[in-house]
Amino acid sequence: AQSVTQPDIHITVSEGASLELRCNYSYGATPYLFWYVQSPGQGLQLLLKYFSGDTLVQGIKGFEAEFKRSQSSFNLRKPSVHWSDAAEYFCAVGDPILTGGGNKLTFGTGTQLKVEL
Amino acid sequence: DAGVIQSPRHEVTEMGQEVTLRCKPISGHDYLFWYRQTMMRGLELLIYFNNNVPIDDSGMPEDRFSAKMPNASFSTLKIQPSEPRDSAVYFCASSPGTPKNEQFFGPGTRLTVL
């Protein structure tokens with residue numbers, strides 16, 4: 001079964017600084033990879049996703065992520081963080097060959113981002 | 001589209017009471033997922049449905065939990081009897097269902113069991 005590790009529980013960055021959130025996965029092949037964001041009191045919203053092809057994917061709100069097969073990683077980045085980016089970020093993996101179909105996802109434990117003004 | 005709708009948004013109940021959480025998925029989505037989120041355990045998948053049929057309920061914690069989807073536009077998650085350790089935020093999500101599709105999440109129901 002696949003698994004996802006987000007090693008950083010909390011991260012604090014200054015507004016305007018760059019950001020990188022780490023995500024490592026365990027899966028026998030290349031899974032489908034997702035990053036979601038959860039603002040306080042809200043549900044999860046998709047930031048970006050990767051299936052195949054170009055390993056650098058662009059998402060909403062200026063975020064990007066890079067898939068590195070050799071490191072089993074899918075880290076999320078943003079060149080300049082805004083105060084409104086403060087939220088919890090979840091990495092998730094999906095199984096391209098899931099028996100029964102569908103898109104069941106396995107989520108990481110999340111990284112809480114705090115932005116200092 | 002209004003997105004995934006969950007009700008109630010907040011529920012406070014006493015131990016031993018029955019709790020019913022409701023979800024209306026996005027029209028046309030044939031997969032529906034129920035999750036539970038706690039500080040200790042993070043986001044856990046409880047059960048998911050395809051075309052109203054339960055596909056995987058291995059995440060349902062115990063027999064006190066049950067979920068139904070009587071039609072394509074409505075699902076319930078019931079806890080009977082409720083216990084304080086059931087306190088959590090419960091999310092419903094829906095999806096068009098192919099592995100490349102994202103799941104669309106509702107705003108969640110915050111359940112507090114006293």
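Residues numbered from 1 in each chain as written. Chains lettered and ligands numbered in written order. Predicted model: local features only at pLDDT ≥ 70, side-chain atom pairs only at ≥ 80, totals over all residues. Heavy atoms only, no water.

Caption draft 1: Seen up close, the pattern of salt bridges. All names here are of chain B. A complete count under the given rule lists 13 salt bridges over all chains for this structure. Where Arg85 meets Glu62, a salt bridge forms, and the shortest distance between an N and an O atom there is 3.3 Å. You can see Arg85 sitting in the loop between strand E8 (74–79) and strand E9 (88–95) and its partner Glu62 sitting in the loop between strand E6 (53–56) and strand E7 (65–71), a full 23 residues away along the chain. Its relative accessible area of 54% is what places Arg85 among the exposed residues. On the accessibility criterion, Glu62 (27% relative accessible area) is partly exposed. Two residues, Arg64 and Asp86, come together in a salt bridge whose shortest N-O distance is 2.6 Å. Of this pair, Arg64 sits in the loop between E6 and E7 while Asp86 is found in the loop between E8 and E9, placing the two residues 22 residues apart along the sequence. One salt-bridge network, held together by shared partners, links Glu62, Arg64, Glu83, Arg85 and Asp86. (Salt bridge = Lys/Arg side-chain N within 4 Å of Asp/Glu carboxyl O. Helix = DSSP H or I, 4+ residues; strand = E, 2+ residues; numbered from the N terminus. Buried < 20%, exposed > 50% of the residue type's maximum accessible area, 1.4 Å probe, protein only.)

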